[in-house]
Amino acid sequence: MCGIAGLFLKDTSLEPSLGRLLGGMMIELGDRGPDSSGFAVYGAPAPGQAKLTIRLPDGGGQHAARAIADGATAATGHAVEVRVRGTHAVLSMPEEARDALRAFLAARHPEAHLVSSGERMEIFKDIGRPEVVADAYDLAAMQGSHAIGHTRMATESAVTIDGAHPFSTGDDQCLVHNGSLSNHNAVRRTLKREGLAFETENDSEVAAGYLTWRMREGASLAQALEQALSDLDGFYTFVVGTRTGFAVLRDPIACKPAVMAETDQWVAFGSEYRALTGLPGIEAARVFEPEPATVYAWERT
Amino acid sequence: MPDVDLSETPLRELNRALHALEPGTNETHWHVANPAGRHSIAVGLDAPVTVEIGGNVGYYCAGMNKHATVHVRGNAGVGLAENMMSGVVRVDGDASQAAGATGRGGLLVIGGNASGRCGISMKGIDIVVGGSVGPMSAFMAQAGTLVVLGDAGEALGDSIYEARLFVRGTVKSLGADCEEKTPTDEDRSILADVLSRAGVAADPSEFRLYGSARRLYHFHVDNVDAY
């Protein structure tokens, strides 16, 4: 099972509603994935700025996050700001301080798990049904241009936050996956030789890493997905986000469900149509099922 | 003429009420509003009634249908009219994967396109698709008629046992043991009958017929790649 919801806004006037709309989509898909929920939200562009989303251990909260930010400010010589949401904290800083901050976190705060890195993207994921997680992280208040959510039914590995989607293996890049890959161990070995690092044994993280690698080598998001058709074997429906892009790919058999809708205002993806029923203008939207082995990609400039 | 609004009435309540209908019921025309893509709407009907659904439905709509007419004024999700026995199921829009799967009888009419595996393992159902069908349609079909006014995707009729597959447009590729056949007068009259029952105006002579080459019925070492 598992449920995927994705929303890419074309009309900037909807940006204040992004989190609320995505939350509604994910809640409809709660029955497909009641074990854990996660989402990536692409907020306003902030050239020259960088954000790291970290997950704090149980009991971590405002105080622990504040202490990390203060320590980071002292260690890096740059002002590091912090916002806490649920068990996660978003650290913001000038772009040039990011590597120093990552090094500081690795050396001084190994308990803080790095969830995402980028200029615009923030990722939050936790155990529980989407309504619970969306509420705990105040998804409804989040704004931005596009967002991708996942509701997970754990079938082959434990219910842990590490197994929750989205997976991020590059700046402002995220991937959610419904399905299972059969050659992920071989691909992971290849990617490790190419210098990518993986945090889990999860097949979906390998798919994310594969796209990161291809884009690092110069491919566009759409080109990277075309190449994935040859190199990734198994069942998959992927929804992928980059700083300005949003894309969908299904495997050539296309057993995993997918429905899309598009209007002048937005493009939306849902594992099932019911996820799309709350979107504005859905009655007049072009609703279609993405073809197998076909890359669908949108870019926003 | 009962009206059921699924934004107010639980779906199980609707299905229970439909299951309770006797063959001689006077409540022969039901309207269902606000389906909102819910799954399993109007499944398991067993009475000669009409159920009109005003919007898009989710998975398995009108599954196991017997005697009833179900009309969806929208799109349908996966497994539409799965294992239908008799009656009529109409969808004005598109249908997702495996529409009419394993259907034993009755008529399924899809106004728009049907996705992959339309008519998979069909066992006697008649299916008419106004648009095109996706890949692997009529996979392992055993009996019945699939009529496609548009095009067919890859591997049409793969591993077909028997069944008549009529396609007016192009066929991207034929599956294992499916071949084009020269239609007989009987084939043309069966097609004309299905089109007429579906209420579709189309000239039977414009369709090509595909069916079983019957080469996979018995094991033959030369066919080992196709098994």
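So, how was this worked out
- Residues numbered from 1 in each chain as written.
- Chains lettered and ligands numbered in written order.
- Predicted model: local features only at pLDDT ≥ 70, side-chain atom pairs only at ≥ 80, totals over all residues.
- Heavy atoms only, no water.
- Phe/Tyr/Trp six-rings, centres within 6.5 Å; stacked < 30°, edge-to-face > 60°.
- Helix = DSSP H or I, 4+ residues; strand = E, 2+ residues; numbered from the N terminus.
- 1 Å grid on protein atoms, 1.4 Å probe; cavity = no way out; pocket = protein on both sides within 12 Å on 5 of 7 lines; lining within 4 Å.
- Points joined across faces, edges and corners; volume = space filled by probe spheres on them.
- Nonpolar A, V, L, I, M, F, W, Y, C, P; charged D, E, K, R; others polar.
- Domains from an automatic or database assignment.
- Contact = heavy atoms within 4.5 Å.
- Buried area = accessible area lost by both parts, 1.4 Å probe.
- Salt bridge = Lys/Arg side-chain N within 4 Å of Asp/Glu carboxyl O.
- Polar contact = N/O pair within 3.5 Å; in protein donor to acceptor, adjacent residues only side chain to side chain.

### A few points about the packing of aromatic side chains
Residue and element names in this part refer to chain A. Taken as a whole and assessed by the stated rule, the structure comprises eight aromatic pairs over all chains. Judged by centre distance (5.7 Å) and plane angle (25°), the ring pair of F8 and F246 falls under stacked. Of this pair, F8 sits in strand β1 (residues 3-9) while F246 sits in strand β12 (residues 245-250), placing them 238 residues apart in sequence. Note on F39 and F124: the rings are 5.8 Å apart at their centroids and 45° apart in plane angle, and the pair reads as tilted. Placement of F39 in strand β2 (residues 36-42) and of F124 in strand β7 (residues 121-127) is noted, with a sequence separation of 85 residues between them. Taken together, the ring pairs connect F8, F246 and W298 into an aromatic cluster.

### Quick word on the layout of surface pockets
A water-sized probe rolled over the atoms picks out the places where empty space is left. Residues and elements named next belong to chain A. Put simply, the largest pocket is a space of about 920 Å³. Each residue belonging to the lining of the largest pocket can be placed in one class, and the counts come to 23 nonpolar, 15 polar and nine charged. Lining the second largest pocket are 24 residues, and of these R102, S168, T169, A197 and E199 sit closest to its centre. Sorting the residues of the lining of the second largest pocket by element identifies β6 (113-118), β9 (167-170) and α6 (203-216) as the ones contributing at least two each. Looking at which element gives the most residues to the lining of the second largest pocket, the answer is β6, with five residues. The class makeup of the residues in the lining of the second largest pocket is seven nonpolar, ten polar and seven charged. In terms of domain composition, the lining of the second largest pocket takes at least three residues from each of domain 1 (3-45 + 124-299) and domain 2 (47-119).

### Observations regarding the domain arrangement of chain A
All names here are of chain A. Looking at the assigned domains, one finds that chain A contains domain 1 (3-45 + 124-299) and domain 2 (47-119). Spacing between the C-alpha centres of domain 1 and domain 2 amounts to 24 Å. Listed by partner, the interface residues are 16 residues for domain 1 and 16 residues for domain 2. Buried area between domain 1 and domain 2, summed over both chains or domains, comes out near 1,300 Å², and the portion from carbon and sulfur atoms is 48%. The largest share of the area that domain 1 buries against domain 2 comes from F124, Y137 and D171, three residues that together contribute 35% of it. The interface formed by domain 1 and domain 2 holds three salt bridges in total. With its nearest N and O atoms 3.1 Å apart, the salt bridge here joins D162 to R55. In this assembly, domain 1 and domain 2 are joined by ten residue pairs in polar contact (both at pLDDT 80 or more). Looking at the side of domain 1 that touches domain 2 element by element, the count peaks at three residues for β7. Taken together, the residues of the side of domain 1 that touches domain 2 sort by class into six nonpolar, two polar and eight charged.

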